[in-house]
Amino acid sequence: MAAEPGTVCPPIEYTPTHLALFRFSAVTWNSHRIHFDQAHARAEGFPDVVVQSTLHGEMFARTVLSFAGPGAVLRRVEWRNRATAFAGVPLTFSGRVTAVTDDGDGHLVEFDLTGTAADGTVCATGTAEVRVPSR
Amino acid sequence: MLGGRVLTTVRTGRPATNRCGPVSRTIALPPRARRGNVGPVTKDDERNADTLDEVCARAESLVGAVERERLGEVTVRDVCRYAVAVGDDEYAASARADEAAGRPVVAPPMFLTGILSWADGPPEGELRPDGLAARESPCTAGLPVRQVHGGQAVRLLAPVTAGTVVHAERRLTSASRKHGKAGDFVVLALRTDYTDAAGTPLVVMDESVIVLGDDSGDGHGG
């Protein structure tokens with residue numbers, strides 16, 4: 001990983017299907033109907049079932065870890081939901097290095113994070129910190 | 001998924017304080033296809049105000065209380081199912097290979113905090129109409145509200161491996177009444193500290209839950 005402030009992570013493209021959202025709800029024991037029951041989601045004013053907040057977090061974590069490479073350890077990630085994301089809408093998760101500091105036999109790399117829907121709507125923003133060992 | 005749940009609630013001695021003061025600031029919220037809170041004050045507005053006041057009152061009584069849970073043992077199946085559900089098939093294959101070789105299986109970093117509940121239940125009849133359990137929708141039992149998640153801040157302090165018995169302490173840290181384009185809402189801030197059975201810190205997670213009044217009159221969330 002060539003990490004210096006301003007470096008952009010290769011983005012992760014992810015389109016959550018209805019089935020994927022249902023399985024994520026099932027495996028996380030999340031029975032909130034807005035995530036798998038389309039009729040209920042519409043009754044709450046959403047056009048379709050809603051992507052789980054924690055799925056944004058998962059994708060942010062994967063974005064920075066994929067960039068950081070083998071041996072990297074996620075130390076911190078935080079995000080805030082800015083707009084609702086829905087099933088079937090392609091999402092792009094991107095990161096940008098904001099700081100790199102020495103940490104003994106490795107580096108601490110900090111990132112800004114953005115999750116964006118296909119129409120340009122920013123669904124979530126956040127930050128993360130990854131420890132990358134020296135090679 | 002996980003068994004052996006033990007739940008206790010204790011008081012820390014920290015006095016409850018009123019965190020639900022006047023409207024403090026405006027933040028963005030997910031879209032809301034409801035009648036807008038514009039124009040003259042309506043009965044819907046008044047009902048929402050009463051409902052959110054009740055959420056705040058309940059929250060004030062809970063600030064300072066600590067809920068301790070034994071969540072249970074993390075299994076290889078738990079972490080592999082999580083990984084497959086988020087499309088990380090390679091992780092699952094690698095984890096099963098580690099298991100077969102007798103190597104530790106380290107959970108995906110967002111596994112612990114991705115799980116909404118580790119409880120066996122509750123039974124379907126005890127869920128809110130929107131499908132949430134009472135513990136997942138604090139301070140709202142019986143109230144006509146909707147809920148969305150505001151976000152999380154997760155600090156990962158140690159790797160979580162399959163076989164670890166995880167415990168958690170969860171507390172409501174604050175409740176704030178706010179105002180957005182769609183009207184008033186309450187932000188509940190919660191902290192969960194995850195440890196292993198020896199008390200070793202694993203993960204600290206702060207999250208916000210946004211509670212909105214349901215002014216549609218369509219019976220959802222009541």
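A quick note: this is a predicted structure, and the numbers were derived from the prediction, not measured. (Residues numbered from 1 in each chain as written. Chains lettered and ligands numbered in written order. Predicted model: local features only at pLDDT ≥ 70, side-chain atom pairs only at ≥ 80, totals over all residues.)

## Notes on the pairing of strand β4 (residues 165-180) of chain B
Residue and element names in this part refer to chain B.
Part 1 of the reasoning: Across seven bridges, the pairing between strand β2 (residues 65-73) and β4 is antiparallel. Among the inter-strand pairings, R68 is bridged to a residue of β4, identified as E169.
Part 2 of the reasoning: Here 14 bridges tie β4 to strand β5 (residues 183-196), and the two strands are oriented antiparallel to one another. Directly across from H167, in β5, lies its bridge partner T195.
Part 3 of the reasoning: Between β4 and β5, which pair antiparallel in sequence order, lie two residues. (Pairing = 2+ DSSP bridges. Helix = DSSP H or I, 4+ residues; strand = E, 2+ residues; numbered from the N terminus.)

## Things to note about unusual backbone geometry
Part 1 of the reasoning: Note the cis peptide between G121 of chain B and P122 of chain B, where omega equals 5°.
Part 2 of the reasoning: Here the phi dihedral of W29 of chain A falls at roughly 55°; this positive angle occurs in a residue that is not glycine.
Part 3 of the reasoning: Position of W29 of chain A among the secondary structure elements: in the loop between α1 (18-27) and α2 (38-43).
Part 4 of the reasoning: Backbone geometry at C139 of chain B places phi at a positive 75°, although glycine is not the residue there.
Part 5 of the reasoning: Summarising the element assignment, C139 of chain B is placed in the loop between α4 (111-114) and β3 (145-156).
Part 6 of the reasoning: The buried category is assigned to C139 of chain B, around which 22 C-beta atoms lie within 10 Å. (Buried ≥ 20, exposed ≤ 12 C-beta atoms within 10 Å, placed from the backbone.)

## Focus on the nonpolar core
Part 1 of the reasoning: Counting 63 residues, the largest nonpolar core has F60, V64, L74, A128 and V130 of chain A together with V79 and L112 of chain B as the members making the most contacts within it.
Part 2 of the reasoning: In terms of residue count, the dominant contributor to this core is helix α3 (residues 53-68) of chain A (eight residues).
Part 3 of the reasoning: The contact partners of V130 of chain A, leaving out residues within four places of it in the chain, are V64, L65, A68, A72, V73, L74, R75 and V109 of chain A.
Part 4 of the reasoning: C139, V148, L172 and V211 of chain B belong to the second largest nonpolar core, which has 17 residues in total. (Core = buried A, V, L, I, M, F, W, Y, C linked by C-beta atoms within 7 Å. Contact = placed C-beta atoms within 7 Å.)

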